[in-house]
Amino acid sequence: MGRLDNKIALVTGASRGIGRAIATILAREGAAVALNYRSGEAEARAVADEIATFGGQTMLAQGNVSDKTEAREMVKRVVEHYGRLDVLVNNAGITRDRSMRKLTDEDWLDVINTNLNSVYYCTSAAMEGMIAQKYGRIINISSYVGQAGNFGQANYAASKGGIIAFTKTAAIELAKYNITVNALAPGFTLTDMLAKVPDNVQDQIKAKIPMGRFGLPEEVAKAVLFLAADGDYITGQQINVNGGVYM
Ligand SMILES: NC(=O)c1ccc[n+]([C@@H]2O[C@H](COP(=O)([O-])OP(=O)(O)OC[C@H]3O[C@@H](n4cnc5c(N)ncnc54)[C@H](OP(=O)(O)O)[C@@H]3O)[C@@H](O)[C@H]2O)c1
């Protein structure tokens, strides 16, 4: 018996990093998982193949979630394929790091559209079905940077702080339908996103983490599983999985 047997989940940005680990752990616990990605089809297929090795069920759900039409059509395809959606994990995200003096409007908009607007598009597309079935678990991947700010990440910090504010409002509005909405705020986690940070900066960051190491995608994924499977009376919260870098 898995903790998510007979549940249907959608994970945005599931082809790599944290999204891949989330999709894998949800599938391991018995959920059928729709794997969203934007361009990395080969990587998404590799995730589906890995999940198939332990008998897990998946579908590929391509779509650029920063585009409102593509995002909503992608969610609709998943709901049509499985007949419903129980767990939505809004995970897709990008960085375009520059200090504010160098930041362009394009850098700002790309990050806000991908990280924040996508959460609104996917949630609004998923919630009517969840309201009708009186069940839903929505988990939004924020970041400790949305709580603390970070040099060179004005766009990213605004997007991730916005996710926390959106999460609380959605939680208030959807609670009466037995839909919980929570944010997860990872600290620095070993993925392609962190690999883009220069080595000397990575060393400076690590020195500030009380646990003295970066997090693993699987450690973030375990907290998502907890919210999806056991967080029945938890809503509007931010759960920090950050090695103590922000308390
Ligand atoms: N790594 C960290 O240190 C860290 C810390 C705190 C929070 N986070 C957050 O955790 C989430 C996952 O980060 P990660 O480190 O795993 O990133 P990653 O390794 O760079 O993977 C990003 C994923 O998002 C997908 N994606 C990007 N833009 C998309 C779009 N417009 N539409 C659909 N999919 C899109 C990518 O798919 P394609 O390859 O197909 O584009 C990929 O699957 C992000 O929201 C990030 O902000 C990460």
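Going by the structure above, here's the rest.
Residues numbered from 1 in each chain as written. Predicted model: local features only at pLDDT ≥ 70, side-chain atom pairs only at ≥ 80, totals over all residues.

### Quick look at the nonpolar core
At step 1: I22, L26, V33, L35 and V224 are the most contacted members of the largest nonpolar core, which has 67 residues in total.
At step 2: Counting residues per element, this core draws most heavily on helix α4 (residues 105–133), at nine residues.
At step 3: Not counting the four nearest positions on each side in its chain, V33 is found in contact with A9, V11, A23, L26, A27 and T58. (Core = buried A, V, L, I, M, F, W, Y, C linked by C-beta atoms within 7 Å. Buried ≥ 20, exposed ≤ 12 C-beta atoms within 10 Å, placed from the backbone. Helix = DSSP H or I, 4+ residues; strand = E, 2+ residues; numbered from the N terminus. Contact = placed C-beta atoms within 7 Å.)

### Things to note about the site of the ligand
At step 1: Around the ligand, the surrounding shell holds 30 residues, and the nearest of these are G13, G17, G93, T191 and M193.
At step 2: In the shell around the ligand, the residues fall into ten nonpolar, 17 polar and three charged. (Near = placed C-beta within 6 Å. Nonpolar A, V, L, I, M, F, W, Y, C, P; charged D, E, K, R; others polar.)

### Some words on the pairing of strand β4 (residues 87–90)
At step 1: Where burial is concerned, the two faces of β4 agree: the one with V87 and V89 and the one with L88 and N90 are both buried.
At step 2: Bridge analysis of strand β1 (residues 8–11) against β4 gives three bridges, and the strand direction is parallel. By the bridge assignment, A9 is partnered in β4 with V87.
At step 3: For the crossover from β4 across α4 to strand β5 (residues 136–141), the handedness is right-handed. (Pairing = 2+ DSSP bridges. Right-handed = clockwise from strand over helix to strand, strands pointing away.)

### A short note on the sheet that holds strand β3 (residues 58–62)
Within a sheet, adjacent strands bond to each other through the backbone by hydrogen bonds, running parallel or antiparallel.
At step 1: Reading across from one edge, β3-β2-β1-β4-β5-β6-β7 is the order of the seven strands in this open sheet, with parallel pairing throughout. Edge strands, defined here as strands with exactly one partner in the open sheet, are β3 and β7 (238–241). Strand-to-strand, the axes of this sheet are offset by a mean angle of 20 degrees, without reference to chain direction.
At step 2: Of the strand pairs in this sheet, β5 and strand β6 (residues 179–186) are connected by six bridges, and their pairing is parallel. From the neighbouring strand, N140 faces β6, where its bridge partner is A183. (Axes fitted to C-alpha atoms, helices over the stretch in contact; angles between N-to-C directions.)

### What about the packing of α4 against helix α6 (residues 154–174)?
At step 1: At a minimum axis separation of 8 Å, α4 and α6 run at an interaxial angle of 15 degrees. With respect to α6, the element α4 is oriented roughly parallel. Note that α4 runs across α6; the crossing there is right-handed. Residues D107, W108, V111, I112, N115, L116, V119, Y120, T123 and M127 of α4 form the contact with α6, whose participating residues are N155, Y156, A158, S159, K160, G162, I163, F166, A170 and L174.
At step 2: Here the contact of α4 with α6 is composed, by residue class, of 13 nonpolar, five polar and two charged. (Parallel < 35°, antiparallel > 145°, perpendicular 65-115°, else oblique. Left-handed = near helix turned anticlockwise from the far one by under 90°.)

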